[in-house]
Amino acid sequence: SADEQQELGADGSAQCREHTLLAYTLGLRQIVVCVSQMDECKFSEESFEEACRVVQRNLHLAGLKTHDVYFDVHFVPTSGLTGDNVLSRSESMPWYCGPTLVEALDDAVASHF
């Protein structure tokens, strides 16, 4: 969740780096990061941005660039409890103009080996 990412900081980065390296090794070149439980931080744009920065920092530490020609990362703020930005747009997060989680996953292109 957004709040957990802020609290974990560097301590929670090992699992993120591990998952990133595994995805890259498997040939995935697009990742959709679901920043969940946005309802717990009152749908705060600042909490979402901080969670994104933590993940981007971990991706960078793993040796990956988040907007590289060969590797692309999309961040989607969601709340599974309320369904915000999962299937339909959230009225609670008017500051987010990107795709819903399902749209982002649908838009992901299969990697070619």
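Residues numbered from 1 in each chain as written. Predicted model: local features only at pLDDT ≥ 70, side-chain atom pairs only at ≥ 80, totals over all residues. Heavy atoms only, no water.

**Re the side chain of serine 44**
Then, in step 1: Mapped onto the elements, serine 44 comes out in the loop between strand E1 (30–35) and helix H3 (45–61).
Then, in step 2: In this structure serine 44 comes out as buried when scored by relative accessible area, which is 16%.
Then, in step 3: Leaving out residues up to four positions away in the same chain, serine 44 has contacts with Met38 and Trp95. (Helix = DSSP H or I, 4+ residues; strand = E, 2+ residues; numbered from the N terminus. Buried < 20%, exposed > 50% of the residue type's maximum accessible area, 1.4 Å probe, protein only. Contact = heavy atoms within 4.5 Å.)

**Concerning the side chain of asparagine 85**
Then, in step 1: With respect to the helices and strands, the residue asparagine 85 is situated in the loop between strand E3 (71–77) and helix H4 (101–107).
Then, in step 2: Overall, the relative accessible area of 2% leaves asparagine 85 in the buried class.
Then, in step 3: One polar contact links the side chain of asparagine 85 to the main-chain carbonyl oxygen of proline 77, over a distance of 3.1 Å.
Then, in step 4: Residues in contact with asparagine 85, not counting those within four places in the same chain, are Val76, Pro77, Thr78, Ser90, Met93, Tyr96, Thr100 and Leu101. (Polar contact = N/O pair within 3.5 Å; in protein donor to acceptor, adjacent residues only side chain to side chain.)

**Brief notes about the pairing of E1**
Then, in step 1: Where burial is concerned, the two faces of E1 differ: the one with Ile31, Val33 and Val35 is buried and the one with Gln30, Val32 and Cys34 is not.
Then, in step 2: Of the strand pairs in this sheet, E1 and E3 are connected by six bridges, and their pairing is parallel. Bridged to cysteine 34 within E3 is valine 76. (Pairing = 2+ DSSP bridges.)

**Here's the deal with the pattern of salt bridges**
Then, in step 1: Under the criterion given, the structure shown has two salt bridges.
Then, in step 2: With a closest N to O distance of 3.1 Å, glutamate 103 and arginine 89 form a salt bridge. Of this pair, glutamate 103 sits in helix H4 while arginine 89 sits in the loop between E3 and H4, placing them 14 residues apart in sequence. (Salt bridge = Lys/Arg side-chain N within 4 Å of Asp/Glu carboxyl O.)

**Overview of the nonpolar core**
Note on soluble globular proteins: their nonpolar side chains tend to be buried together.
Then, in step 1: Formed by 22 residues in total, the largest nonpolar core has its most connected members in Val33, Val35, Met38, Phe48, Val55, Val73 and Phe75.
Then, in step 2: Those elements that provide at least two residues to this core are helix H2 (13–25), E1, H3, E3 and H4.
Then, in step 3: Ranked by the residues each element gives to this core, the list is headed by H3, at five residues. (Core = buried A, V, L, I, M, F, W, Y, C linked by side-chain atoms within 4.5 Å.)

**Some thoughts on unusual backbone geometry**
Then, in step 1: Not every positive phi belongs to a glycine, and lysine 42 is a case in point at roughly 60°.
Then, in step 2: Mapped onto the secondary structure, lysine 42 falls in the loop between E1 and H3.
Then, in step 3: Taking relative accessible area as the criterion, lysine 42 reaches 72% and is therefore assigned exposed.
Then, in step 4: Although it is not a glycine, phenylalanine 43 sits at a positive phi angle of roughly 55°.
Then, in step 5: Structurally, phenylalanine 43 can be placed in the loop between E1 and H3.
Then, in step 6: The class for phenylalanine 43 is buried, based on a relative accessible area of 17%.

**Some thoughts on the confidence of the model for the protein chain**
Then, in step 1: Model confidence for the protein chain is summarised by a mean pLDDT of 81, while 79% of its residues fall at 70 or above.
Then, in step 2: Model confidence for the protein chain, summarised as mean pLDDT per element, is weakest for helix H1 (residues 2–8) at 51 and strongest for H4 at 92. (pLDDT = per-residue confidence, 0-100.)

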